[in-house]
Amino acid sequence: MVRLIMGVKGSGKTKQLIELINNAAKDEPGNVVCIEANRTMTYDIHYHIRLIDAQEYNLDSYELFRGFISGLYAGNYDISHVFIDNLCKTIGREVDKDTENFLNWLDAFGEKNNIKFTVTISADISSATDGMGRYL
């Protein structure tokens, strides 16, 4: 399952994401992971959340991101929810068909392995492809 939160900078995405992460820390039966573009949420989220700074791993393509998420799961089968903050900023790209393909991959991977994904993208909702609409 993938949930996509989109909006322009300053629209409250990060605040909403922090609330969702902290609720997941209380409610999720498994481990919760948050991947962010930089460590800005360190003091805002519950200490049980595994916070990952994507810059430390040079996650600058969707292929690398797929491998990284696959590796996270291979190392910890107890992950039940992954939050990805500011996906396109992390990758260094604009919203495009590859973004949709990545979200589709996340959805399939999540279904297969019983993981929920919540992703934020800092862009106007009108820039979402038709296929991305199902995740909004």
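Residues numbered from 1 in each chain as written. Predicted model: local features only at pLDDT ≥ 70, side-chain atom pairs only at ≥ 80, totals over all residues. Heavy atoms only, no water.

(A) Seen up close, the overall build of the protein. When helices and strands are counted, the protein shows 4 helices and 5 strands. Relative to a compact globule of 136 residues, whose C-alpha radius of gyration would be 14 Å, the protein shows 14 Å and is just as compact. Expressed along its principal axes, the backbone C-alpha trace of the protein runs to roughly 35 × 30 × 30 Å. Going through the 136 residues of the protein one by one, you find that 47% of them count as buried. Accessible surface computed for the protein: about 7200 Å², of which carbon and sulfur atoms make up 47%. One finds the centroid of the 14 positive side-chain charges in the protein at a distance of 2 Å from the centroid of its 19 negative side-chain charges. (Helix = DSSP H or I, 4+ residues; strand = E, 2+ residues; numbered from the N terminus. Rg over C-alpha atoms; globule rule 2.2 N^0.38 Å. Buried < 20%, exposed > 50% of the residue type's maximum accessible area, 1.4 Å probe, protein only. Areas by Shrake-Rupley, 256 points an atom, 1.4 Å probe, with all protein chains shown as cover. Lys, Arg positive; Asp, Glu negative; His and termini not counted. Charge placed at Lys NZ, Arg CZ, Asp CG, Glu CD.)

(B) Layout of the pattern of salt bridges. Under the criterion given, the structure shown has 7 salt bridges. In this structure, the salt-bridge partner of Glu63 is Arg66, at a minimum N-O distance of 3.8 Å. One end of the pair is Glu63 and the other is Arg66, both in helix H2 (residues 62–75) and 3 residues apart, which spans about a single turn. The class for Glu63 is exposed, based on a relative accessible area of 56%. Note on Arg66: relative accessible area 22%, which makes it partly exposed. Its salt-bridge partner being Arg93, residue Asp98 comes within 2.6 Å of it at the nearest N-O pair. Taking the relative accessible area as the measure of exposure, Arg93 reaches 33% and is therefore partly exposed. Ionic contacts of the salt-bridge type, sharing partners, join the residues Arg93, Asp96 and Asp98 into one network. (Salt bridge = Lys/Arg side-chain N within 4 Å of Asp/Glu carboxyl O.)

(C) Up close: the packing of aromatic side chains. Enumeration according to the criterion identifies 7 aromatic pairs in this entry. Ring-pair connections join several aromatic residues into one group, and the members of that group are Tyr62, Phe65, Tyr73, Tyr77, Phe102, Trp105 and Phe109. (Phe/Tyr/Trp six-rings, centres within 6.5 Å; stacked < 30°, edge-to-face > 60°.)

(D) Quick look at the sheet that holds strand E4 (residues 79–84). Taken together, 5 strands build an open sheet; the order of strands is E1-E5-E4-E2-E3 and the sheet is parallel. Across the chains shown, the open sheet's two edge strands, defined by having one partner strand only, are strand E1 (2–7) and strand E3 (50–53). Averaged over all pairs of adjacent strands, the angle between their axes in this sheet comes to 15°, without regard to strand direction. Sheet topology note: the E1/strand E5 (residues 116–122) ladder contains 6 bridges and is parallel. Among the inter-strand pairings, Met6 is bridged to a residue of E5, identified as Ile121. Against the sheet, helix H4 (residues 97–113) makes contact with E1, E4 and E5, and its axis sits at roughly 165° relative to E5, the strand it touches most. (Pairing = 2+ DSSP bridges. Axes fitted to C-alpha atoms, helices over the stretch in contact; angles between N-to-C directions. Contact = heavy atoms within 4.5 Å.)

(E) Highlighting the side chain of Thr99. Tracing the chain through its elements places Thr99 in helix H4. Given a relative accessible area of 0%, Thr99 falls into the buried group. Those residues in contact with Thr99 that lie beyond four places of it in its chain are Tyr62, Leu87, Cys88, Glu94, Ile121 and Met132.

(F) Focus on the environment of Val8. As for its placement among the helices and strands, Val8 is situated in the loop between E1 and helix H1 (13–27). On the basis of relative accessibility, which here comes to 44%, the residue Val8 falls in the partly exposed class. Expressed as a C-alpha distance, the spacing of Val8 and Ser122, which sit 114 residues apart in the sequence, is 5.2 Å. If sequence neighbours within four positions are ignored, Val8 has contacts with Lys13, Ser122, Ala123 and Asp124.

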